[in-house]
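# Examining the three-dimensional arrangement
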Amino acid sequence: MNGELYINGRLIDINEALPFPFTYNISDIKDLSSRKGNKSKTITLPGTANNCALMASVYLTSSREKIITAVESQFLDFDPSIKSTCQYYSNGLLVFEGIAQLLECKCSNGVWSFEISMVSNQIDYIALMKKIKINELDFSEYDHTCNSPNILETYSGLNQINGVQTTIKSGADWLGIGYYYGLIDYGYTRASANTFKINQIPPQTFVYGILEKLFTAVGLTWESTFFETQLFKRLLLAFPGGTLPEITSGQATNSSVTATENNNAGGFIMNQSVTSTTGLDVNFFPAQLFQNPTVMVDNVDVTIVTDPSSQTVTTLPFQFKAKSSGLFNIEYLGDHIIDITKTPVVGGDTVQFTYKSFLIIKKNNVVMSTDQIFNGQGDVSNTISQTKAFNYFSTINLLNNDELTFEIKTNLFLYNNTFDNDTNSTIQFTATSSGVDLNIKKQIQQFNSGDTVRINQFLPDMTGDVFFKGLITMFNLYLRPKTSNPTIIEIEPLNEFYNDSNAALDWSYLVDRSKEIKVKPTVNIAAQNYNFGFETENDYYNKKYLTEYGEQYGSFLFNSQNQYATSNTDLKVPFSQKPLALIPTTTLIMPRAFDVNFSESATGQVVPMKGKPFIVQLGELRVATWKLRNGSNIDSTIVAQPYVGHLDEIANPTFDLNFGVPDVVFYTAAAYTNNNLYSYHETFIKEIVSRYGKLVTLSVMLNSSIINQLDFKNLILIDDVVYRLQSIKDFDPGKQQSTEIELIRILQGDDSAPPETFYRITEGGDIREIEENTNLRITE
């Protein structure tokens, strides 16, 4: 076996006598909310010179001066948070790709060794999403004026995008981007029951568009039939309620800092030289070689221009400490002058160069973003100068006492000398700041007539990973990086994730029948209860429903009827649910998200309240009269209600964003639907809790070629029975031995349950059942 491990594209020395076990997972039937990725066990790498050099260059914290010089102590300050790309090949075939993390450095008798683990890219992407709050995403192209025309045009599928009226529909289909002004009753005081001021209808944001921006922020795209459906593209994330944005221009200015960037003492922000070494070209003539890339990092120094609230901690380097909470815009704009000089000057000999410069923003010393601000390229024979203009903008969510610092990083690449000789070349790279501003400006957040509406001001303070995992739980989504490109994530609900059973891969010939085969009823590992629900909400209608019916509105409890089970599995999404209710004296039915304060005389007063984020469906305009009051207190009567809510429509609903059918609704319902979020979980649940469900554990003879083409979307056929592959445990491409796998038997086919079935193992070791029809759907 020929095994090769690469970390950051560099070949690592490995001890092939040591095991290289990998586990491949898709889900955990004991924890339905889990979506496990592929991973390795801890792997020990020998401390060869090559490996020590790599570990030092990748994992050591080199940004501060070393105070330890002893060889035995050189790895004391490695950074365990650094994750580097890795690939493992067996006999030239890729069997694992993901992220390598250095866990431990060991030194014995002066010899180092390194323990690493490898996890799939998918897990790392979720970690990247943790750093981003969805209200920090850039929705600035949707900035628009708060007025009646801009509200009303959304009902026709129009948005203001970069100041231009633009359609967000294709025919009758919504594109899933932008914003919408659906009616939701937040308890704001109104002139009449059916009159809404323009500043009493906060915009909702399409979930598809939020997710698209989140994926882009972490360098991902997706392939998903489900995400392109109208069901998904009509989902909207609503304003949680409570106080509307009210940060005035004066308040924003008082909480902001403006500054200009300083050059260092030598007159530059970066000044570094790189000298080539002499090597041989393809014709074995002397040639000059550069080590790439050269990485330069500068802590941004500034001169303060304005700082009304004294939020600057230091200027060398610049450190900002917020004295208020909210959304802040980061502006970094101006020119950097790049000078590149080659010495010695030899005729027309040139060196080709490219460089990329990045702004690094750290919050509380944690990197929040690394965004490219400019790049350049060219050839240099003597001296070349390039002026790079940039205008960077981003948004960051800060709490009181959060600290910000900034770095500029440049990666320089040198190659393709036009000369062959043994005279080493030196390249001097300098970057000079020229008229560069670095500003931290608190956003103006007002929602009155004529104000600028900024979409992110109405989004919750929720991290990207929580938002995305909430959608995964809602729709029982399965994810996997695309084999040909791991930055493309294939995403589908369980019901649509797997390929057809007619295309199942026959692994019967791979079964190691000398090893133990275990068949366990899945009901034995099922939970007693599966609780599907939402974040607890304390608005008036949620509390009323809970008090009267003893359960959360929209929740669903599935009891497995397993008398031996004692555990419960909770599948709770990070969103709340808002009951639909009729507004008295009107025909308006909508989510009503407020509380009622009662006096001693039992007189109630409606009060707005800040609730939890919630998702609604965009329905069709329904016949109901209401009035929109503009900034001049002039009412426009409108005879079509822009309906949004947990049902796709009121009159004849076909899909519900609840998990269960409510015992009662707070309006007169002519029809309801039992097609809801639970339908995305039902198949898997019934396969687990059915007495016909089986978890089969056995060993198969896998090889690198099979692993290289492994696709959990493919069903597995063994001895005429179709299974879902759950996991492959500790596959070691260096060992000629069988590997244990776990399989779940599929129950599908006609609508009748099979008779009680019994497994038997034939003399040849085949796994068969006495009754012939083994693939039936259970509708218990």
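As a reminder, the structure under discussion sits directly above these lines.
First, a word on scope: everything that follows refers to the structure included in this document. All values derive from a computational prediction rather than experimental measurement. (Residues numbered from 1 in each chain as written. Predicted model: local features only at pLDDT ≥ 70, side-chain atom pairs only at ≥ 80, totals over all residues. Heavy atoms only, no water.)

### Describing the overall build of the protein chain
Counting its secondary structure elements, the protein chain contains 11 helices and 56 strands. Restricting the contact set of the protein chain to residue pairs at least 6 apart, pairs at least 24 apart contribute 74%. Of the accessible surface of the protein chain, which amounts to about 33,600 Å², a share of 48% is contributed by carbon and sulfur atoms. (Helix = DSSP H or I, 4+ residues; strand = E, 2+ residues; numbered from the N terminus. Contact = heavy atoms within 4.5 Å. Areas by Shrake-Rupley, 256 points an atom, 1.4 Å probe, with all protein chains shown as cover.)

### Description of helix α7 (residues 464-475)
Between its first and last C-alpha, α7 extends 17 Å over 12 residues, near the 16 Å set by a 1.5 Å rise per residue. With 10 of its 12 residues buried, α7 lies for the most part within the structure. After α7 finishes, the residue N476 shows a positive phi value of roughly 50°. (Expected span 1.5 Å × (residues − 1). Buried < 20%, exposed > 50% of the residue type's maximum accessible area, 1.4 Å probe, protein only.)

### Concerning the sheet that holds strand β14 (residues 179-180)
By way of backbone hydrogen bonds, the strands of a sheet pair with one another, either parallel or antiparallel. If you trace the five strands from one edge of the open sheet to the other, you get β14-β16-β18-β47-β50, paired in antiparallel fashion. Looking at strand neighbours, the two that pair on one side only are β14 and β50 (644-645), the edges of this open sheet. Relative to strand β18 (residues 235-238), strand β16 (residues 204-206) is paired through two bridges, and the arrangement is antiparallel. Residue pairing for β18: F206 is matched across the bridge by L236. (Pairing = 2+ DSSP bridges.)

### Re the sheet that holds strand β17 (residues 221-223)
Overall, mixed pairing links the three strands, which are arranged β17-β37-β36 in an open sheet. Each end of this open sheet is capped by a strand with a single partner; those strands are β17 and β36 (477-482). Sheet twist, expressed as the average angle between the axes of neighbouring strands with direction ignored, equals 35°. The sheet contact formed by β36 and strand β37 (residues 485-493) spans six bridges and is antiparallel. From the neighbouring strand, L477 faces β37, where its bridge partner is P493. (Axes fitted to C-alpha atoms, helices over the stretch in contact; angles between N-to-C directions.)

### Regarding the pairing of strand β28 (residues 326-343)
As paired elements, β28 and strand β31 (residues 383-398) share 16 bridges and run antiparallel to each other. Paired with D335 across the two strands is A389, which belongs to β31. When β28 meets strand β33 (residues 426-442), the two strands line up antiparallel, connected through 15 bridges. Along β33, the bridge assignment pairs F328 with K442.

### Some words on the environment of L244
Position of L244 among the secondary structure elements: in the loop between β18 and β19 (246-247). In this structure, the C-alpha to C-alpha distance between L244 and F458, residues 214 residues apart in sequence, is 8.4 Å. Apart from residues lying up to four places away in sequence, L244 is in contact with Y188, N199, P202, F239, F447 and F458.

### Points about the pattern of salt bridges
As enumerated under the stated definition, the model contains 23 salt bridges in all. Note that D461 is salt-bridged to K133, the shortest N-O span being 3.0 Å. In this pair, D461 sits in the loop between β35 (452-453) and α7 while K133 sits in the loop between α2 (121-129) and β9 (144-145), placing the two residues 328 residues apart along the sequence. Residue classification places D461 among the partly exposed residues on the basis of a relative accessible area of 45%. Of the charged contacts, one joins D465 and K469 as a salt bridge, the two residues approaching to 3.9 Å between their closest N and O atoms. In this pair, D465 and K469 are both assigned in helix α7, four residues apart and thus about one turn of the helix distant. (Salt bridge = Lys/Arg side-chain N within 4 Å of Asp/Glu carboxyl O.)

### Remarks on the environment of V164
Along the chain, V164 turns up in strand β11 (residues 164-167). Take V164: its relative accessible area is 49%, and that puts it in the partly exposed class. Between the alpha carbons of V164 and Y142 there is a distance of 9.5 Å; along the sequence they are 22 residues apart.

### Here's the deal with the nonpolar core
Judged by nonpolar contacts, the single largest core of 145 residues is most densely connected at L45, F467 and F475. Excluding residues that lie within four positions of it along the chain, L45 makes contacts with L5, I7, I12, D13, I14, F20, N51, M55, S113, F114 and I116. The next biggest cluster of nonpolar side chains, apart from the first, holds 41 residues, and it includes I330, F353, Y355 and F374. (Core = buried A, V, L, I, M, F, W, Y, C linked by side-chain atoms within 4.5 Å.)

### Quick notes on the packing of helix α4 (residues 207-217) against α7
Taken N-terminus to C-terminus, the directions of α4 and α7 make an angle of 130°; their axes are 11 Å apart at the nearest point. Taken together, the axes of α4 and α7 are oblique relative to one another. Relative to α7, α4 is oriented so that their crossing is left-handed. Residues V207, I210, L211, L214 and F215 of α4 lie in contact with α7, whose contacting residues are G464, F467, F468 and L471. (Parallel < 35°, antiparallel > 145°, perpendicular 65-115°, else oblique. Left-handed = near helix turned anticlockwise from the far one by under 90°.)

### Quick notes on the packing of aromatic side chains
Under the criterion given, the structure shown has 46 aromatic pairs. Note on Y478 and Y498: the rings are 6.3 Å apart at their centroids and 70° apart in plane angle, and the pair reads as edge-to-face. Residue Y478 is located in strand β36, and its partner Y498 is located in the loop between α8 (494-497) and β38 (505-506); the two are separated by 20 residues in the primary sequence. Judged by its relative accessible area of 12%, Y498 falls in the buried class. (Phe/Tyr/Trp six-rings, centres within 6.5 Å; stacked < 30°, edge-to-face > 60°.)

### A few points about unusual backbone geometry
Look at the link from L316 to P317: it is a cis peptide, with omega at 0°. Relative to the helices and strands, P317 is located in the loop between β26 (312-315) and β27 (318-321). T343 connects to P344 through a cis peptide bond whose omega is -10°. We note that S310 has phi near 55°; this positive angle belongs to a residue other than glycine. On the secondary structure map, S310 appears in the loop between β25 (301-306) and β26. A positive phi is found at T585, a non-glycine position, where the angle reads about 70°.

### What to know about the side chain of N658
Secondary-structure assignment places N658 in the loop between β50 and α10 (682-689). Side-chain polar atoms of N658 contact the side chain of Q577, separated by 2.9 Å. In contact with N658, other than residues within four places in its own chain, are F534, Y553, G554, Q577, H646, Y672, N676, L677 and Y678. (Polar contact = N/O pair within 3.5 Å; in protein donor to acceptor, adjacent residues only side chain to side chain.)

### As for the side chain of Q87
Here Q87 lies in strand β6 (residues 83-90). With relative accessibility at 15%, the residue Q87 sits in the buried group. Those residues in contact with Q87, other than ones at most four positions away along the chain, are E4, L5, Y6, L94, F96 and E97.

Everything listed is a geometric property; what it means functionally is a separate question.
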